[in-house]
Amino acid sequence: MTNKEYKKYNSFNEIQFKKKINKEDLILKIQSNLNYENNNDLSDYQKSILERVKKDLFKQKTKEKFVLSNHVFNEINQINEKDILKYLFHRYRYEVFPKNFEKDDYPPFLQIEPSSICNYRCVFCFETDETFTNKKNGHMGVMPLELFKEIIDQAENNIQFISIASRGEPFVNKEIPKMLEYTRGKFLSLKINTNASLLDEKKIHAILSGGVTTIVFSADAADPELYAKLRVNGKLEKVLKNIEMFNKIKEKKYKGSKIISRVSGVKVGENQKIEDMHNLWGQLVDQVAFVNYNPWENVYDKEESKIKLPCSDLWRRMFVWWDGKINPCDTDYKSILSASNFKDTSLRDAWNSQKYNDYRDKHINNNRSKIYPCKNCVLV
């Protein structure tokens, strides 16, 4: 029996926005920018991708593969108009390349892990696996600042979608303020995820003055008791206090900031209601969302899933762990599939490596079952 597959992308279950934006004006700006015939700053390759963008968005008789969701409109509204074409080029690669099994020199999205260590033990997270969190097994650590800078240097001008987070809590790393400072002005979309429990004034200033464009506060409930059950070791009262502090500093010192703030929870049960979340968090952040729960539990020990669909991450994103290991996904949180180490290669070479391409070939040709732990995984 084949298990149900779970999508790793477009995983918003529900999302609410504090403010409505004028989509009509944005669409007009996009249309105007897509008249780029005499734009000598664009390469022929970029123009070819933007032609596909234009066709999907504005030609009625095509079956669109690329659409602009509400949260994408919010991101476009945040950037300078001169960067709209660059954003659309990279967004298209992120959205459509995995559907077509296309790739070029760099991954559309890069996820950098400042820390694999976390102060929480959320019930839906692999941090509950003691064979992972046991320091003797070598999975726990924080990324050195110099390694982070080297990764950023290679990503700049090549990758525009960056996430500063992965298996652990980023703010465990004491170098995070310097890391965020180093990203300033370098990326169109740079997101950082945090449980918000470790925030203080210094870290908040680093978020607001650095390169972050979206801050995601991970919280799954509006009730203190339910929150504590889901986010073990966490206290809702402390998180609320820290987000309020974030808002006060933003209002006082960074009034013109365009940073998007979002509370995002993992929907694991019917007792989590978006209305309750919106009532509590709606006045504190720009967006309130639930994302679909994606099962990871015991991926190494589970029976074979029989799922044949390729995993989108192989064409969508690349992960670099705290120690430089390059991994194709975070479901494989113990790095069995690690393609290489950043210390020994480049982002470009790793993305186009024989090992990475072998994974892609097997997934495309219905041989997912020949890769462990892909054969046990239910994510696509």
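Calculation criteria
- Each chain carries its own residue numbering, running from 1 in the direction its sequence is written.
- With the structure being a predicted model, the display of local features is reserved for residues of pLDDT at least 70 and the display and counting of side-chain atom pairs for 80 or more, all residues being used for whole-chain, interface and lining totals.
- Only hydrogens and water are set aside; all other atoms, that is, all heavy atoms of the structure, feed into the side-chain values.
- A helix here means a DSSP run of H or I that spans at least four residues, while a strand means a run of E at least two residues long, and both kinds are numbered starting from the N terminus.
- Each radius of gyration is computed over the set of C-alpha atoms, and the globule rule expresses the reference value as 2.2 Å times the number of residues to the power 0.38.
- Between buried and exposed lies partly exposed: a residue is buried under 20% and exposed over 50% of the maximum accessible area for its type, with that area taken using a 1.4 Å probe on protein chains only.
- Any two residues whose heavy atoms approach within 4.5 Å are treated as being in contact.
- Every accessible area reported is derived by Shrake-Rupley at a probe size of 1.4 Å, with residue values counting cover from the shown protein chains alone.
- For the purpose of charge, His is not counted, nor are the chain termini; Lys and Arg are scored as positive and Asp and Glu as negative.
- All charge positions are set by atom: Lys at NZ, Arg at CZ, Asp at CG, Glu at CD.
- Only the stretch in contact is used when fitting a helix axis, every axis being a line fitted to C-alpha atoms; angles between N-to-C directions are given from 0 to 180 degrees.
- Here is the rule for handedness: rotate from the far helix to the near one, and if that takes an anticlockwise turn smaller than a right angle the crossing is left-handed, while a clockwise turn gives right-handed.
- Polar here means any residue outside two lists: the nonpolar Ala, Val, Leu, Ile, Met, Phe, Trp, Tyr, Cys and Pro, and the charged Asp, Glu, Lys and Arg; Gly therefore counts as polar.
- The reported arc concerns the directions from the helix axis to the C-beta atoms and nothing else.
- Any two strands between which DSSP finds at least two bridges are classified as paired.
- By the criterion used throughout, a crossover qualifies as right-handed when its path from the first strand across the helix to the second strand runs clockwise, the strands pointing away from the viewer.
- Remark: nonpolar core denotes a set of buried residues (Ala, Val, Leu, Ile, Met, Phe, Trp, Tyr, Cys) joined through side-chain atoms within 4.5 Å.
- The aromatic pairing rule takes the rings of Phe, Tyr and Trp, using the six-membered ring of Trp, and pairs them if the centres are within 6.5 Å, calling planes under 30 degrees apart stacked, those over 60 edge-to-face and the rest tilted.
- Any Lys NZ or Arg CZ found within 6 Å of a ring centre and within 35 degrees of that ring's normal is scored as a charge over the ring.

K.L.:
Just to check I follow, could you spell out the overall build of the chain for this structure?
P.N.:
Of regular secondary structure, the chain possesses 14 helices and 12 strands. Against the 2.2 N^0.38 benchmark of 21 Å for 380 residues, the chain shows a C-alpha radius of gyration of 20 Å, consistent with a compact globule. Within the chain, buried positions represent 55% of all 380 residues. For the chain, long-range pairs separated by at least 24 residues make up 76% of all intrachain contacts whose partners lie at least 6 apart in sequence. Summed over its atoms, the accessible surface of the chain is roughly 17900 Å², and 46% of this surface lies on carbon and sulfur atoms. Computed over 63 positive and 52 negative side-chain charges, the inter-centroid distance for the chain is 1 Å.

K.L.:
Help me understand the packing of helix α3 (residues 70-78) against helix α4 (residues 84-100), please; the structure alone is not making it clear to me.
P.N.:
Relative orientation and spacing of two packed helices are given, respectively, by the angle between their axes and the distance between those axes. Between α3 and α4, the least distance of the axes is 10 Å, while the angle of their chain directions is 150°. For the crossing formed where α3 meets α4, the hand is right-handed. Note on element contacts: α4 touches α3 through Ile84, Tyr87, Leu88 and Arg91, opposite His71, Val72, Glu75 and Ile76. A per-class count over the contact of α3 with α4 returns five nonpolar, one polar and two charged.

K.L.:
Please clarify how helix α14 (residues 354-364) should be interpreted in this entry.
P.N.:
Note that an α-helix has 3.6 residues per turn; residues three or four places apart therefore point the same way. Taken together, the buried positions of α14 are Tyr356, Tyr359, Arg360 and His363. In an axial view of α14, the angular spread of the buried residues amounts to 95°, which keeps them on one side of the axis. Those residues of α14 hidden inside the fold are in contact with α12 (313-316), β10 (317-320), β11 (325-327) and α13 (347-351). In the segment just after α14, Asn366 is the residue with positive phi, at about 60°.

K.L.:
Help me understand the sheet that holds strand β4 (residues 161-164), please; the structure alone is not making it clear to me.
P.N.:
Hydrogen bonding along the main chain pairs the strands of a sheet, whether they run parallel or antiparallel. Across the sheet, 10 strands lie side by side as β1-β9-β8-β6-β5-β4-β2-β10-β11-β12; this open sheet has mixed pairing. Across the chains shown, the open sheet's two edge strands, defined by having one partner strand only, are β1 (12-17) and β12 (340-341).

K.L.:
It is not clear to me how the pairing of strand β5 (residues 189-194) should be interpreted in this structure. Could you clarify?
P.N.:
A regular strand carries its side chains on alternate faces of the sheet. Bridge count between β4 and β5: four bridges; the pairing is parallel. Note that in β5 the partner of Ile162 across the bridge is Leu190. In this region the chain leaves β4, passes through helix α7 (residues 176-182) and returns to the parallel neighbour β5; the handedness of that crossover is right-handed. Inspection of the sheet shows β5 paired to strand β6 (residues 214-218) by four bridges, in the parallel sense. Looking at β6, one finds that Lys191 is bridged to Thr214. Considered for its hand, the β-α-β crossover made up of β5, helix α8 (residues 201-209) and β6 is right-handed.

K.L.:
How do you make sense of the nonpolar core when you look at a structure like this?
P.N.:
Counting 87 residues, the largest nonpolar core has Leu110 and Trp281 as its most contacted members. Apart from residues lying up to four places away in sequence, Trp281 is in contact with Ala219, Ala221, Leu236, Val239, Leu240, Ile243, Val263 and Val288. Counting 26 residues, the second largest nonpolar core, distinct from the first, contains Leu26, Leu50, Tyr92 and Leu188.

K.L.:
It is not clear to me how the packing of aromatic side chains should be interpreted in this structure. Could you clarify?
P.N.:
What characterises a pair of aromatic rings is the spacing of the ring centres plus the angle enclosed by the ring planes. Scanning the entire structure with this criterion turns up 14 aromatic pairs. Where Phe101 meets Trp315, the ring centres are 4.9 Å apart and the plane angle is 50°; that geometry is what we call tilted. Placement of Phe101 in the loop between α4 and β2 (109-112) and of Trp315 in helix α12 is noted, with a sequence separation of 214 residues between them. Under the relative-accessibility criterion, Trp315 is labelled buried at 2%. Members of the aromatic cluster, each reached through a chain of ring pairs, are Phe126, Phe132, Tyr300, Tyr333 and Tyr372. Positioned above the aromatic ring of Tyr182 is the side chain of Lys186, whose terminal nitrogen or guanidinium carbon lies 3.4 Å from the ring centre. Over the ring of Trp351 we find Arg360; its NZ or CZ atom is 4.4 Å from the centre of that ring.

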